[in-house]
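# Close look at the chain arrangement
This is what each chain is made of:
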Amino acid sequence: MLRINLAEAKEKPGEVIQYHFTTLMPPLEGVGERISFTEPAVVDVRVTSMGTVFWVEGTIKTAVMLTCSRCLKQFVYPLQTAFSDKYRFGAVRANTPQPDADTTLVAGENLDLTDKVKESILLALPMKALCDKACKGLCPQCGQDLNKGECTCRREASDPRLAVLARLLENDEQKEVT
Ligand SMILES: [Zn+2]
Ligand SMILES: [Zn+2]
């Protein structure tokens, strides 16, 4: 699906050829939790041809569903990232070393960018998923979602700034009810 045919670029050294993909990616596996996409990935690719060597630059825009590490709520995480790589035509042989380390060999004329796009998305994911920078998480004692309001558990050494915030939120909620 994210495949580029380099035949055209090969015949036009010095030219830039653009590609546009809109594709719903399958869920990402093997990263702890299974991460699913909430919208198709929009991938724009620019191929700059230098004859047998190609400079491939891409931008990716999509959104994934993540679980907040503090309150365990699922939330949509919009994501934007980019990649760039150098490719060279040539068969990959076990005994011949690559011409240079930063160039990837392409066998045939088709370049499949699926793995590259997947890898770039994985690298763009946050180390710690948070539904909001100010997420207050769950009460360690009763499990109440503290974003929805304070519980009755007494927490010692709580941050006074957070307490003020919590009170403000409580007032807001009461206003909504009345
Ligand atoms: Zn949260
Ligand atoms: Zn509690």
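Attention here is on the structure that accompanies the text. Position labels on residues start from 1 in each chain and follow its written sequence. Key to labels: chains lettered from A, ligands numbered from 1, both in the order written. The predicted origin of the model limits local features to residues at a pLDDT of at least 70 and limits the giving and counting of side-chain atom pairs to 80 or more, whereas totals for whole chains, interfaces and linings rest on all residues. Just so you know, side-chain values use all the structure's heavy atoms and leave hydrogens and water out.

## Considering the overall build of the protein chain
Note the threshold: A run of H or I in DSSP counts as a helix once it spans at least four residues, and a run of E counts as a strand once it spans at least two, with each numbered from the N terminus. Contact definition: two residues touch when any of their heavy atoms are within 4.5 Å. Accessible surface area values rest on a Shrake-Rupley calculation with a 1.4 Å probe, where residue burial reflects the displayed protein chains alone.
Looking only at helices and strands, the protein chain features 3 helices and 7 strands. Counting from the amino terminus, the protein chain carries its helices and strands in the arrangement β-α-β-β-β-β-β-β-α-α. Considering only intrachain contacts with a sequence separation of at least 6, the fraction spanning at least 24 residues in the protein chain is 53%. Total accessible area on the protein chain is roughly 11400 Å²; 52% of this is exposed by carbon and sulfur atoms.

## Some points on the sheet that holds strand 4 (residues 53-67)
Stated precisely, the cut-off is as follows: Each pair of strands is called paired provided DSSP finds at least two bridges between the two strands. Fitting a line to C-alpha atoms yields each axis, with helices limited to the stretch in contact; the angle taken between N-to-C directions then spans 0 to 180 degrees.
Read across the open sheet, the 5 strands follow the order 2-3-4-5-6; overall the sheet is mixed. Single-partner strands in this sheet number two, and they are strand 2 (16-23) and strand 6 (103-106). Between one strand axis and the next, the sheet turns by 30° as a mean value, whatever way the strands run. Looking at chain direction, strand 5 (residues 74-89) and strand 6 are connected through 4 bridges and run parallel. Residue pairing across strands places lysine 86 opposite threonine 103, the latter belonging to strand 6. This element, helix 2 (residues 114-124), spans strand 3 (37-49), strand 4 and strand 5 of the sheet and lies at about 135° to strand 5.

## Concerning the nonpolar core
Convention followed: Residues belong to a common nonpolar core when they are buried Ala, Val, Leu, Ile, Met, Phe, Trp, Tyr or Cys residues joined through side-chain atoms within 4.5 Å. The buried label applies to any residue whose accessible area, calculated with a 1.4 Å probe on protein chains only, is under 20% of its type's maximum; exposed applies above 50%, and partly exposed to all values in between.
Membership of the largest hydrophobic core comes to 35 residues, with the highest contact counts inside it found for Ile4, Val45, Val47, Val56, Leu113 and Val117. Elements that contribute at least two residues to this core include exactly strand 2, strand 3, strand 4, strand 5 and helix 2. In contact with valine 117, not counting residues within four places along its chain, are Leu2, Met25, Val43, Ile60 and Phe83.

## Topic: the coordination of the zinc ion (ligand 1)
To keep things clear, this is the line we draw: Coordinating N, O and S atoms are those within 2.8 Å of the metal (3.2 Å for Na, K and Ca), and as water is not part of the atoms, a site may appear to have fewer donors than expected. When four donors show all angles between 85 and 135 degrees the site is tetrahedral, when four or six donors have opposite pairs over 155 degrees and all other angles between 65 and 115 it is square planar or octahedral respectively, and in every other case it is irregular.
Around the zinc ion (ligand 1), the protein contributes the donor atoms Cys68 (SG), Cys71 (SG), Cys131 (SG) and Cys135 (SG), at 2.3 Å from the metal centre. Metal-centred angles of 106 to 112° between the 4 donor atoms at the zinc ion (ligand 1) mark the site as tetrahedral. Written as a sequence motif, the donor arrangement for the zinc ion (ligand 1) is C-x2-C-x59-C-x3-C. Within this pair, whereas cysteine 68 is found in the loop between strand 4 and strand 5, its partner cysteine 135 is found in the loop between helix 2 and helix 3 (160-177), the two being separated by 67 residues in sequence. With respect to burial, cysteine 68 and cysteine 135 carry one shared label: buried.

## Considerations on the coordination of the zinc ion (ligand 2)
Cys139 (SG), Cys142 (SG), Cys151 (SG) and Cys153 (SG) make up the full set of protein donors to the zinc ion (ligand 2), lying at 2.3 to 2.4 Å. Around the zinc ion (ligand 2) sit 4 donor atoms; with metal-centred angles ranging over 105 to 112°, the donor geometry is tetrahedral. Residue cysteine 153 is classed as partly exposed on the basis of its relative accessible area, which comes to 22%.

## Thoughts on unusual backbone geometry
The backbone of leucine 72 sits at a positive phi, close to 65°, despite the residue not being glycine. Relative to the assigned elements, leucine 72 resides in the loop between strand 4 and strand 5. The exposed category is assigned to leucine 72, whose relative accessible area is 55%.

## Some thoughts on the environment of phenylalanine 54
Along the polypeptide, phenylalanine 54 turns up in strand 4. Its relative accessible area of 0% is what places phenylalanine 54 among the buried residues. Sequence separation between phenylalanine 54 and threonine 104 is 50 residues; the distance between their C-alpha atoms is 9.7 Å. Setting aside anything within four residues of it in sequence, one finds phenylalanine 54 in contact with Leu6, Ala9, Lys10, Val47, Thr48, Ser49, Asp85, Lys86, Tyr87 and Phe89.

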